[in-house]
Amino acid sequence: MREWTREERYQVLESPEQIRELHEHISRSPWRQTYHVQPVTGLSSDPNGFAYHKGVWHLFYQWCPWGAVHGLKYWYHVTSPDLVTWKNEGIGLAPDTYYDNRGTHSGSAISDGEDLYFFYTGNHRDEDWTRTPYTCAAKLSADGRPEKLEKPLFGPRDDYSEHQRDPKIVWNDEKKRYYIFIGAQTLDKKGTSQIYSSETLLKGWTFEGQLHVVGYEDFGGMWECPYIVNISGKDLLIFSPQYTKLPGRSESTNHNVYFIGTMDYDTLTFTPDGPYRHLDYGFDFYAAQGAANVGDPDKGILISWIGLPDNHYSSAEEDWEGSMTLPRELHIRDGQLYQVPVAGVRDLRLEELPAEGRLPLAGEMEIGCDGNDLTLRLFTDADGKGGFLFFYDAARNVCTVSKKGLVNRFNEAVGEELEMPLRTPLKKLNIFIDHSSVEIFVNDGEETFTSHVYPTDQEHGYVIEGKADVRLWNYSASVKDDFVV
Ligand code: FRU
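Residues numbered from 1 in each chain as written. Predicted model: local features only at pLDDT ≥ 70, side-chain atom pairs only at ≥ 80, totals over all residues. Heavy atoms only, no water.

Further remarks concern the pattern of salt bridges. Scanning all chains against the criterion turns up 27 salt bridges. A salt bridge links Lys87 to Glu89; the nearest nitrogen and oxygen atoms lie 3.6 Å apart. Exposure remark for Glu89: the relative accessible area of 24% places this residue in the partly exposed category. Across the pair Lys148 and Asp100 runs a salt bridge whose closest N-O atoms are separated by 2.6 Å. Taken as a pair, Lys148 in strand β8 (residues 146-148) and Asp100 in the loop between β4 (87-93) and β5 (104-111) lie far apart in primary sequence, 48 residues in all. Each member of the salt-bridge network shares a partner with another, and the members are Asp96, Asp100 and Lys148. (Salt bridge = Lys/Arg side-chain N within 4 Å of Asp/Glu carboxyl O. Buried < 20%, exposed > 50% of the residue type's maximum accessible area, 1.4 Å probe, protein only. Helix = DSSP H or I, 4+ residues; strand = E, 2+ residues; numbered from the N terminus.)

See below:
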């Protein structure tokens, strides 16, 4: 893989012409997605600024224009009328001020009905590379681009480490105040979140204190990308703990977890109803963010980066990597989280295909099964060998997924085999395949498993052992891969 110098990674984009050829080069890749948001060039990572405002879904992603590398980060803007069809809008936020000179890092959005506001981390670094993270704001202007406030809302606190970022803005109707949750690390290197509040969006922010998640005072070394939402009367807290290994997650030190419980804004205490759970059991799922202004108290909408920090993917050889997941609907029923792809995704079905052992390049597979053992291999070669193995062990009620059989192996060091324990016996799988991703939804959203795959042109078969009713559809493209910068 290519080695990058700091100068190369942190180069400022002066003109779109600098990356036009890069776009032309990567758009010929067989792994470019067709119904998932992906980087226009270079690398995409966290979803940012996700909100519904005046009939439009706005979404941004952390973007490094230059290649498959984490360097100078921009917010790249995409919009959608329906969460399925996405349009490239160009750069949303560029690192062009003192406060964000080395990156416009992650953050969130909120609409007050009239205006759409953005909260992000200005990643400032001095000459000696000392980092100062600022919490900054912007507002969507008449020309459809976020316009920055001149000054940050607040700077970092010196009673925490330099890791203070990823503001999540939320309105609390009882307190009649806005709150910002910041992903943070204490001086003794424990993950947490800082909470600020204000009556108004663009001024008056005061530090309230540190979030306490009861029973999780020592859980990971940094909580990136916090997110909180109330669904059907329950609070759902999501974050990405890092610098720690968790049981059942092999060697990975990057995770995306959630708690269902109750948030008390007086005591800044989140009391979980049960232990943490993984938002997704796949190899590549991180920094998930829910949308603001969904407009339905019984529903959340969530999207995530298909990828992990400190990892790289086969498409890096082609100078790009990363993708967003499909947006998912979140529901909480009987104290349990359910995640299903937004309904409109099914409108992409072009035709039903014969279930004869060949996968579409982009499409959906639905499998009905009877709760007994099941072996499914996706992306096998023409002889039905190799592939991405999904095995359901009915006796243990656990699925084991292995990517060791793929020709293009990646991130072997963090583990190529993972388990997904189920809550109820396996009855149904909905599998969404795009050119370089696979998303598996189990039992109508009880659990999910998301991963990248980089099949060769020989690896488009599938094999099933066990009782299964299989249906297959191919999908039309809904994300235009055009060069808008
Ligand atoms: C998570 C993260 C965030 C940060 C951003 C920078 O992947 O590390 O904490 O804001 O990426 O791109």
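What follows deals with the site of the ligand. Near the ligand you find Asp46, Gln62, Lys73, His105, Ser106, Arg165, Asp166, Glu224, Tyr286 and Trp305, and these make up its full shell. Note that an oxygen atom of the ligand is positioned 2.9 Å from one of the side-chain N or O atoms of Lys73. One nitrogen or oxygen atom from the side chain of Arg165 is found 2.7 Å from an oxygen atom belonging to the ligand. For the shell around the ligand, the secondary-structure elements that each account for two or more residues are β5 and β9 (160-172). A per-class count over the shell around the ligand returns two nonpolar, three polar and five charged. (Near = heavy atom within 4 Å. Polar contact = N/O pair within 3.5 Å; in protein donor to acceptor, adjacent residues only side chain to side chain. Nonpolar A, V, L, I, M, F, W, Y, C, P; charged D, E, K, R; others polar.)

This part covers the sheet that holds strand β6 (residues 116-125). Read across the open sheet, the four strands follow the order β5-β6-β7-β8; overall the sheet is antiparallel. This sheet does not close on itself; its edge strands, each paired only once, are β5 and β8. This sheet shows a mean twist of 30 degrees between the axes of neighbouring strands, independent of strand direction. With three bridges connecting them, strand β7 (residues 131-140) and β8 associate as antiparallel partners. Bridge pairing in β8 links Ala138 to Lys148. (Pairing = 2+ DSSP bridges. Axes fitted to C-alpha atoms, helices over the stretch in contact; angles between N-to-C directions.)

This structure, assessed with the given rule, holds 37 aromatic pairs. Ring centres of Tyr61 and Tyr76 lie 5.2 Å apart, and the angle between their planes is 20 degrees; this geometry places the pair in the stacked category. With a gap of 15 residues between them, Tyr61 in strand β2 (residues 56-64) and Tyr76 in strand β3 (residues 74-80) connect regions that are remote in the sequence. Each member of the pair, Tyr61 together with Tyr76, is buried. Relative to Phe207, the ring of Tyr160 has its centre 6.5 Å away and its plane inclined at 80 degrees; by these criteria the two rings are edge-to-face. Placement of Tyr160 in strand β9 and of Phe207 in strand β12 (residues 206-210) is noted, with a sequence separation of 47 residues between them. Accessibility expressed as a relative area gives 8% for Tyr160, which makes it buried. (Phe/Tyr/Trp six-rings, centres within 6.5 Å; stacked < 30°, edge-to-face > 60°.)

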